[in-house]
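Now for the letters of each chain:
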Amino acid sequence: MKLLVLNGPNLNLLGLREPDIYGKRSYADLERFLRDCAGEIGAELEVFQSNHEGVLVDKIQAAYGVFDGIVINPAAYTHTSVALLDAVKGVGIPTVEVHLSDPDTREDFRHISYVRLACLKTVKGLGFESYRQALLFLAAYLRERENKA
């Protein structure tokens, strides 16, 4: 099973940016955490971060035929990007949306998620654990789908 974790803008600043909201651990800590999670579920994992919407769209498109599933934290693009929504819909790869914080408890504009419309599930508000739960869900979903085939 090959999984892609995509992280949007400013996640590279984890540990520096608003640590009271996003935590004190760094992006490097998140990458290590994700690799440990992948080991737990026996998945191959690629982790990618970009501050540029088009680069994220390109990465989603390039995932077609390569990855079995995607976990995406679109970050600020959650609330603005129809392009990311269309890319996820376009490739048809099972996708789970993830957020470190709970956008629904924050500013009103953060309650909108375009990409969620193309996702199987959203996991939010659990810090790094949001990613673990998303990976576990996605792995179970993919295994169940494979067993039905």
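Above this note sits the structure.
Computed from a prediction, not measured in an experiment: that's the story for all the values here.

1. Observations concerning the pairing of strand S1 (residues 2-7)
Line of reasoning, step 1. Summarising burial for S1: five of the six residues are buried, a large majority.
Line of reasoning, step 2. The pairing of S1 with strand S2 (residues 44-49) spans six bridges and is parallel. The residue of S2 that forms the bridge with Asn7 is Gln49.
Line of reasoning, step 3. Relative to strand S3 (residues 69-73), S1 runs parallel, the two sharing five bridges. When the bridges of S3 are listed, Leu6 appears paired with Ile72.

2. Concerning the environment of Gly23
Line of reasoning, step 1. Along the polypeptide, Gly23 turns up in the loop between helix H1 (19-22) and helix H2 (27-41).
Line of reasoning, step 2. With 77 residues separating them along the chain, Gly23 and Leu100 place their C-alpha atoms 8.5 Å apart.

Procedures and definitions
Residues numbered from 1 in each chain as written. Predicted model: local features only at pLDDT ≥ 70, side-chain atom pairs only at ≥ 80, totals over all residues. Heavy atoms only, no water. Buried < 20%, exposed > 50% of the residue type's maximum accessible area, 1.4 Å probe, protein only. Helix = DSSP H or I, 4+ residues; strand = E, 2+ residues; numbered from the N terminus. Pairing = 2+ DSSP bridges.

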